[in-house]
Amino acid sequence: MRHQPIGVVGTGSYLPARSVCNAEVAAAAGVTDEWITRKTRIRSRRRAAAHEATSDLAAAAANAALAQAGVRPDQVSYLVVATSTPDHPQPATASIVQHLISACNAASFDVNSVCSGFVFALSVANGLLRDHHHGYALVIGADIYSRILDHSDRGTAILFGDGAGAVLLGPVAAGQGVLGTRLTTRGDQHQLIGVPAGGSRQPASADTVANRQHYFTMKGRAVRDFVENGLGHEVATLLQDLFVAPQDIRHFVPHQANGTMLSDVWPTLGLPDATCHLSLENYGNTGSASIPITLDLAHRNGSIAENDFVLLCGFGGGMSIGTTLLSWAATRHAVEPPASNPSRYEAEPALISPR
């Protein structure tokens, strides 16, 4: 059976209005502005307002993607939210987003693969559309990490921002769209990232709150080793499986974990003619939202041309790595540069140019 090619037909993102500079974060974490910049290349990040939940950010990003593509919410068949900071333990945040944007015909569910979640969600949504041959799918990455951070922990508090990004998947021309995906998980290293309490293993109690077990924790050095040891293999294997030469890749959009780490890893990936897109200088690590936010920025500023090969790469708790290769499809409507909406964007994304 021949499958209809599925690709990205619209992108969108939402960044909360409040910008938090390094000086503010540094004071609570016991470090300096210069130290944060040197260690991470992050200079500021956004914080959700008190009234904003993850579903609110996700809905705003979804509406932006729909508007760009000229697609109505009731035309969406699937709505998948990648998040590890849901509105509630249940129901799924996706069901709330469905209600907020009036996507009344969309089967809606969450995917939690932490910071690699967006690529995992994209793979699921792509498979559903290819198998069922109808409609569109919204894939949204959204996280509000500021609500689960220990702001005195310099290893985590300096990194994270809040935000949401979305892509709309739909039918595209032959040879375009999602060409392939590779997903891997190393469950034996699941202890490297997590929130210890609040689930069935350690239910919430007065003791878990007193012991500060509801905060996000990360073993930074070990996580960096996981990325440095695994990312190159996953990228190379995906390209080999798809018979695509590394020099044909034009854009690399990674999870925006840490700018210094990405700068060190980037030269080892063997993508000589690709540009690595970074948005973390202004927005920090936005969890599962970081790839779609960065992709939306690159798309709206006109960096990506039709038929360009775009490689997405997420990695995060679990520990998981997801890579997806896209052949970029033509968009229905002209994109607008981020500068036209300064309330959402501070600047175009930074780039690590080809060597």
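Residues numbered from 1 in each chain as written. Predicted model: local features only at pLDDT ≥ 70, side-chain atom pairs only at ≥ 80, totals over all residues. Heavy atoms only, no water.

1. Brief notes about the sheet that holds strand β4 (residues 76-82)
Spatial ordering of the open sheet is given by β1-β7-β6-β4-β5, a layout of five strands whose pairing is mixed. The outermost strands of the open sheet, each flanked by one partner alone, are β1 (6-14) and β5 (107-111). For this sheet, the mean inter-axis angle between neighbouring strands, taken without regard to orientation, is 20 degrees. Both β4 and β5 contribute to a ladder of five bridges, which runs parallel. (Pairing = 2+ DSSP bridges. Helix = DSSP H or I, 4+ residues; strand = E, 2+ residues; numbered from the N terminus. Axes fitted to C-alpha atoms, helices over the stretch in contact; angles between N-to-C directions.)

2. Details of the nonpolar core
Formed by 47 residues in total, the largest nonpolar core has its most connected members in Ile249, Leu271 and Phe315. Listing elements by their share of this core, those giving two or more residues are α1 (22-29), α2 (33-40), α7 (220-242), β11 (249-254), α8 (259-265), β12 (275-278), β13 (309-316) and β14 (320-327). Per element, the largest residue contribution to this core is seven residues, and it comes from α7. What phenylalanine 315 contacts, discounting residues up to four positions off in sequence, is Cys115, Ser116, Val227, Leu231, His255, Ala257, Met261, Leu262, Ser320 and Ile321. Membership of the second largest hydrophobic core comes to 29 residues, among which are Val81, Ala106, Ala166 and Val172. (Core = buried A, V, L, I, M, F, W, Y, C linked by side-chain atoms within 4.5 Å. Buried < 20%, exposed > 50% of the residue type's maximum accessible area, 1.4 Å probe, protein only. Contact = heavy atoms within 4.5 Å.)

3. Regarding the UniProt feature "domain: Beta-ketoacyl-[acyl-carrier-protein] synthase III C-terminal" (unreviewed entry) in the chain
The sites that UniProt annotates as "domain: Beta-ketoacyl-[acyl-carrier-protein] synthase III C-terminal" (unreviewed entry) are residues 244-328. End C-alpha to end C-alpha, residues 244-328 measures 15 Å, and it is 26% helix and 31% strand. (UniProt positions renumbered as here; feature names shortened; annotations may be inferred.)

4. Considering unusual backbone geometry
With an omega of 5 degrees, the peptide bond running from glutamine 90 to proline 91 counts as cis. Along the chain, the position of proline 91 falls in the loop between β4 and α4 (93-101). Cis peptide bonds are those with omega within 30 degrees of zero, and the linkage from glycine 318 to methionine 319 qualifies with -5 degrees. Topologically, methionine 319 is positioned in the loop between β13 and β14.

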